[in-house]
Amino acid sequence: MGGLISYGVGGIHLWRRAAPYVDRILRGANPGDLPVQQPDKFNLVLNLKTAKALGIEFPALLLARADEVIE
């Protein structure tokens with residue numbers, strides 16, 4: 001949609017981690033007693049088309065580390 005950079009947790013990863021919690025709650029566990037977990041997988045997405053339109057050039061190292069590069 002024209003964004004330059006996105007860094008965050010992927011939706012599928014969150015759903016996979018939520019499933020065991022839902023299972024435990026449906027089996028009668030108190031939600032307040034369940035441990036809080038932080039995401040451990042983040043996605044970096046770079047949009048070269050938007051960068052070009054703005055006159056921005058990403059360093060090669062950043063492009064190499066990106067999970068997805070939109071051309």
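Since this is a predicted model, take the numbers as computed values, not measurements. (Residues numbered from 1 in each chain as written. Predicted model: local features only at pLDDT ≥ 70, side-chain atom pairs only at ≥ 80, totals over all residues. Heavy atoms only, no water.)

Draft legend 1. Just the pairing of strand 2 (residues 43–47), in detail. Burial runs high along strand 2: 4 of the 5 residues are buried. Two elements, strand 2 and strand 3 (residues 68–70), share 3 bridges in a ladder whose sense is parallel. From the neighbouring strand, Leu 46 faces strand 3, where its bridge partner is Val 69. (Buried < 20%, exposed > 50% of the residue type's maximum accessible area, 1.4 Å probe, protein only. Helix = DSSP H or I, 4+ residues; strand = E, 2+ residues; numbered from the N terminus. Pairing = 2+ DSSP bridges.)

Draft legend 2. Just the pattern of salt bridges, in detail. Going through the model one piece at a time under the given rule, you end up with 3 salt bridges. Among the salt bridges present, the one from Asp 40 reaches Arg 17, with a minimum N-O distance of 3.2 Å. On the criterion of sequence distance, the pair formed by Asp 40 in the loop between helix 1 (11–26) and strand 2 and Arg 17 in helix 1 is long-range, its members being 23 residues apart. Residue class for Asp 40 comes out exposed when judged on its relative accessible area of 58%. Here Asp 23 ties to Arg 27 by a salt bridge, and the two come within 2.9 Å at their closest N and O atoms. Arg 27 sits in the exposed class, given a relative accessible area of 68%. (Salt bridge = Lys/Arg side-chain N within 4 Å of Asp/Glu carboxyl O.)

Draft legend 3. Focus on the sheet that holds strand 1 (residues 5–8). What the 3 strands build is an open sheet, ordered 1-2-3; its pairing is mixed. Single-partner strands in this sheet number two, and they are strand 1 and strand 3. Averaged over all adjacent pairs, the angle separating strand axes in this sheet is 10 degrees, with direction ignored. Both strand 1 and strand 2 contribute to a ladder of 4 bridges, which runs antiparallel. Bridge pairing in strand 2 places Tyr 7 opposite Leu 44. (Axes fitted to C-alpha atoms, helices over the stretch in contact; angles between N-to-C directions.)

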